[in-house]
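Each chain, letter by letter, is given below.
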Amino acid sequence: MYEGAVQELIDEFGRLPGIGPKSAQRIAFHILEADREDMNRLADAIRAVKDKVKFCSVCFNVTEDETCNICRDPRRDETVLCVVEESKDVMAVERTRSFRGRYHVLGGSINPIAGVGPDQLHIRELLGRLHDDKIAEVIIATDPNLEGEATATYLARMLSTIGIKISRLASGLPVGGDLEYADEVTLGRAFEGRRVMS
Amino acid sequence: MYISHVSLTDFRSYRQVDLELVPGTTVFAGPNGVGKTNIAEALGYLASLSSHRVSNDAPLIYFGADQALVRARVHRGDQAVGLELEITAGKANRARINRANTVRARDILGILRTVLFAPEDLALVKGDPSERRRYLDDVLVALQPHHAATRSDYDRVLKQRNALLKSARASGRLSSSHESTLSVWDEHLVTAGSKLLRGRLEVLGALEGHIADAYDGLTDGSKPATARYMSTVGGAMDDEQDQGQPGNGTSGTPRSPLMDLDEGELHAAFLRSLALQRRKELDRGLTLVGPHRDELVLGLGTAPAKGYASHGETWSLALSLRLAVYRALCEDDSRPGSKPILILDDVFAELDVSRRRKLAAVVADAEQVIVTAAVVEDVPDELNGRILTVGPGTVSA
Ligand SMILES: Nc1ncnc2c1ncn2[C@@H]1O[C@H](COP(=O)(O)OP(=O)(O)OP(=O)(O)O)[C@@H](O)[C@H]1O
Ligand SMILES: [Mg+2]
Ligand SMILES: [Zn+2]
């Protein structure tokens, strides 16, 4: 245990995803020794992201405005909707350049162990969009792991009653992983080879 | 097959040990607690990615070290493969094949095949049903390594489904969102579960005859050994609505009716059984139907083995279960040089002279046999093994 502020910083870093106790300690001491200017910029960046960044009122992607760039872009195809778990998945799909439609970010996947059910995800809002908009196809691009598959099954069953074309990304993605870890080529292929669920 | 070289780094009691091995029998001898079983365990782990002694990886790593490394050169016919497995507690293990890039540990399953006999095997006969389920599942993975994924998928779906049932029970009622999510998990549970079930039934089909034969060979043959799969799927509980346990079926009863169903039929039967147990599952907040609640009922003559077999009978049956695995693996891959390596951890000390002889005779069939013994005289002379002496942290000829 270190004294006061140093230990507090280590504890804070330790709570972040992917950072173990050793890394937390290393980062904390790096900050301690680093240039004051640089570290102020880091602190400002953290503050700014919490103050400015919100979630798009339409698709729940991150944005600094009421709606995100993609929802506002008139060149995007408004008849196709890609459903993903997180904003970082939007970035992953954008990198492939094989998708020109719009997105819907669920905010996670169905995961009873973590206490996440359909009500904790932006599924109601998705239904709302499907009723109002001109959407003709929904591509479900949840992660290729158990929880992502379960979420896909859930959505496919629910949406099958609405009469919209529903497809799931083709297999070939590394199973058990995150969408964001798939390389562009693989993910792009998964889009082109998507299979119709209903 | 055989192993020509083993190297352990920070595995159990070894900081570093390098062993040259040859085909035939090798006996690791030394006093109690010196590290003989640790070697047997390392080889078994490299083949199956699980230990016969512990269910988590932490105890396998030298006390205070971050990771253990097990390396071996495996020969099958005139082919040789270098295997390297890195065991890190609480993290995914990683492996390398022929010094190439690291792969998932799971990818090395099937390259090295071993059958390990140990005093712990008594639990196969006397222990909880989970011991016998694990026995079948381990053989399934040895025969068809891709089923390692089936097994872990099933476990994960089961955990999620149980969490959902618990939260439904805690909230006191089945909301429509609970209900629709539950049916999704049903689907995933049944998909993985019927695969696993089909696999287990096939495995039992391949083992049944060998278990009976091996038991015959080790005893005077007066009581036939039987093994029958009792499932919570499509079982008696559908009619009786009992407490969700497979019945303690008297042996001599014919084989499980599930044996003849294909995966699709098992899928349907599983869904049906789930539907019938839904109320009870919600009451208990637990998944009551599925391969995780099934039982492999072992019998000797007309009596069940568990609770009835004598100590000697229990030993013979446990050995027979392992010998049957050896036979099934030989049958599965009959190419020259493909017989699994036999590892006998401390078993001779537990057997009488006649069983020792019989076991030695059967075991002589393998290309390589690894034996551990505290007392060398316990190992039958017929095995004619090379003796290596194990000292604390070292092995010498
Ligand atoms: N992770 C570990 N780190 C260091 N030492 C360990 C570790 N795990 C086990 N040991 C030591 O290894 C020894 C046990 O080794 P092992 O089980 O191989 O003995 P053995 O030679 O088979 O003995 P026996 O004849 O009694 O079966 C014990 O002394 C134990 O303290
Ligand atoms: Mg031992
Ligand atoms: Zn948006």
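Bear in mind that the values here come from a model prediction, so they are computed numbers and not experimental data.

Turning next to the pairing of strand β10 (residues 295-300) of chain B. All names here are of chain B. Most of β10 is tucked away, with 6 of its 6 residues classed as buried. Burial along β10 is two-sided: Glu 295, Val 297 and Gly 299 facing one way and Leu 296, Leu 298 and Leu 300 facing the other are all buried. Judged from the 6 bridges that link them, strand β9 (residues 225-230) and β10 form a sheet pairing that is antiparallel. Considered in β10, the bridge of Thr 226 is made with Gly 299. Direction of pairing for β10 relative to strand β11 (residues 303-304): antiparallel, over a ladder of 2 bridges. From the neighbouring strand, Leu 300 faces β11, where its bridge partner is Ala 303.

Ser13(B), Asn32(B), Lys36(B), Thr37(B) and Asn38(B) are the nearest of the 17 residues found near ligand 1. Residues that form the shell around ligand 1 fall into these classes: 6 nonpolar, 8 polar and 3 charged.

Residues and elements named next belong to chain B. What the domain assignment lists for chain B is domain 1 (2-113 + 339-396) and domain 2 (129-304). In this complex, domain 1 contributes 8 residues to the contact, which on the side of domain 2 involves 7 residues. In terms of residues, the side of domain 1 that touches domain 2 owes the most to one element, helix α9 (residues 353-363), which gives 3 residues. Looking at side-chain class alone, the side of domain 1 that touches domain 2 contains 2 nonpolar, 2 polar and 4 charged residues.

This paragraph deals with unusual backbone geometry. Although it is not a glycine, Arg97(A) sits at a positive phi angle of roughly 60 degrees. Of note, Arg97(A) is situated in the loop between α5 (87-96) and β4 (102-105). On the neighbour-count criterion, Arg97(A) (10 C-beta atoms within 10 Å) is exposed. Within the chain, Arg12(B) stands out as a residue other than glycine whose phi angle is a positive 50 degrees. With respect to the helices and strands, the residue Arg12(B) is situated in the loop between β1 (2-11) and β2 (14-20). Assessed through the 20 C-beta atoms surrounding it within 10 Å, Arg12(B) is described here as buried.

Quick notes on the rules
Residues numbered from 1 in each chain as written. Chains lettered and ligands numbered in written order. Predicted model: local features only at pLDDT ≥ 70, side-chain atom pairs only at ≥ 80, totals over all residues. Buried ≥ 20, exposed ≤ 12 C-beta atoms within 10 Å, placed from the backbone. Helix = DSSP H or I, 4+ residues; strand = E, 2+ residues; numbered from the N terminus. Pairing = 2+ DSSP bridges. Near = placed C-beta within 6 Å. Nonpolar A, V, L, I, M, F, W, Y, C, P; charged D, E, K, R; others polar. Domains from an automatic or database assignment. Contact = placed C-beta atoms within 7 Å.

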